[in-house]
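Per-entry structural report
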Amino acid sequence: NLEKLGAKTMYLDVTDQATLDAAVEQIVKEQGRLDVVFANAGYAQQGPLECVDIEDAKAQFDVNVFGFGRTIKAALPQMRKQKSGLVIVTSSAAGSVTMPAMAWYPATKHAIDALAGGLRMYRAISALHKKIDITRHFQVSFYLHQNRIF
């Protein structure tokens, strides 16, 4: 339980920009600043590309990729205003190496890696972002079982 460790948690829905914007606003109101964003939302679904419904794949991209984008979009203006901050990006080795019967998840992780790389490059050329760190970490034990039979 994170609260027992002294952390404060709040509800976020990475598919809803308004909840992310409200969370940043609440944090800044209570703390005066936003120091760290841990971009960790995501899930995997199994299945060969042709067996996964396109709507399911779109939903996975909405959480894994566009949710990441919405989170960064909500947080970076405050960090830019402060001229400091840390963005931690959780990705996966699946962004570089695909697996049998799991085509869509690696595609989302490849997209996250590309977006994080773009953020790092943007920070490098922008004097305003010199103190905003973009760090990429790999999560290697993540696996979600699906109720699909192939």
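Residues numbered from 1 in each chain as written. Predicted model: local features only at pLDDT ≥ 70, side-chain atom pairs only at ≥ 80, totals over all residues. Heavy atoms only, no water.

**Regarding the overall build of the chain**
Where we set the bar: In this description a helix means any DSSP run of H or I spanning at least four residues, a strand means any run of E spanning at least two, and both kinds are numbered starting from the N terminus. Three exposure classes are used, based on accessible area relative to the maximum for each residue type with a 1.4 Å probe and protein chains only: buried under 20%, partly exposed in between, and exposed over 50%. Note that accessible areas follow from Shrake-Rupley with a 1.4 Å probe, and for residues the cover is restricted to the protein chains shown.
Within the chain, the regular secondary structure consists of 3 helices and 3 strands. Helices and strands appear in the chain in the N-to-C order α-β-α-β-α-β. Counting the 150 residues in the chain, one finds 35% classified as buried. Counting only carbon and sulfur atoms, one obtains 59% of the accessible surface of the chain, whose full area is about 9,100 Å².

**Some details on the environment of Lys-8**
Stated formally: Any two residues whose heavy atoms approach within 4.5 Å are treated as being in contact.
Here Lys-8 is to be found in the segment before helix 1 (17-31). Classification of Lys-8 by relative accessible area gives exposed; the value is 55%. When residues no more than four places from it in sequence are discounted, the contact partners of Lys-8 are Gln-26 and Glu-30.

**A few points about the side chain of Gln-45**
As a reminder of what qualifies: Side-chain atoms alone can form a polar contact between residues adjacent in sequence; in general such a contact is a pair of N or O atoms within 3.5 Å, and within protein one must be able to donate a hydrogen while the other accepts it.
Among the secondary structure elements, Gln-45 is positioned in the loop between strand 1 (36-39) and helix 2 (54-82). Overall, Gln-45 belongs to the buried group, its relative accessible area being 5%. Of note is the side chain of Gln-45, whose polar atom sits 3.0 Å from the backbone oxygen of Asp-56. Among the polar contacts listed, one links the side chain of Gln-45 to the side chain of Gln-60, at a separation of 3.1 Å.

**What about the packing of aromatic side chains?**
Cut-off, in case you're wondering: Pairing of aromatic side chains here covers Phe, Tyr and the six-membered ring of Trp, requires ring centres within 6.5 Å, and sorts the geometry by plane angle: under 30 degrees stacked, over 60 edge-to-face, intermediate tilted.
Counted according to the given criterion, the structure contains 1 aromatic pair. Where Phe-61 meets Trp-104, the ring centres are 6.3 Å apart and the plane angle is 85°; that geometry is what we call edge-to-face. Taken together, the residues span a long stretch of sequence, with Phe-61 in helix 2 and Trp-104 in helix 3 (residues 104-125) at a distance of 43 residues.

**Considering the environment of Ile-112**
Note on placement: Ile-112 falls in helix 3. Taking relative accessible area as the criterion, Ile-112 reaches 2% and is therefore assigned buried. Once the C-alpha coordinates of Ile-112 and Ser-92 are considered, the two residues, 20 residues apart in sequence, prove to be 9.2 Å apart.

**Focus: the nonpolar core**
What counts is decided by this rule: The nonpolar core is taken to be a set of buried Ala, Val, Leu, Ile, Met, Phe, Trp, Tyr and Cys residues, with the residues joined through side-chain atoms within 4.5 Å.
By size, the foremost hydrophobic cluster in this structure holds 18 residues, and its most contacted members are Leu-34, Phe-68, Ile-72, Leu-76, Met-79, Val-87 and Val-89. Of all the secondary-structure elements, those providing two or more residues to this core are helix 1, strand 1, helix 2, strand 2 (85-91) and helix 3. Looking at this core, the element that brings in the most residues is helix 2, giving 7 residues.

**What about helix 2?**
Rules: Expected helix span is taken as 1.5 Å per residue step, with the number of steps being one fewer than the number of residues.
Its 29 residues place the ends of helix 2 41 Å apart at the C-alpha level, agreeing with the 42 Å of an ideal helix rising 1.5 Å per residue. Residue Asp-53 occupies the N-cap position of helix 2, its side-chain oxygen lying 2.9 Å from the main-chain nitrogen of Glu-55. Lys-83 sits one or two positions beyond helix 2 and adopts a positive phi of about 65°.

**A word on the pattern of salt bridges**
Selection criterion: By definition, a salt bridge exists where a carboxyl oxygen of Asp or Glu is found within 4 Å of a side-chain nitrogen of Lys or Arg.
Here the structure, examined in full by the defined rule, presents 4 salt bridges. The residue Arg-33 makes a salt bridge to Asp-35 at a minimum N-O spacing of 2.5 Å.

**Re the pairing of strand 2**
Convention followed: At least two bridges found by DSSP between two strands are what make those strands a pair. Orient the strands so they point away from the viewer, and a crossover whose first-strand-to-second-strand path over the helix runs clockwise is right-handed.
Counting buried positions over the 7 residues of strand 2 gives 6, a clear majority of the element. Relative to strand 2, strand 1 is paired through 4 bridges, and the arrangement is parallel. The residue of strand 2 that forms the bridge with Val-37 is Val-87. Between strand 1 and its parallel partner strand 2, the chain crosses via helix 2, and the hand of that crossover is right-handed.

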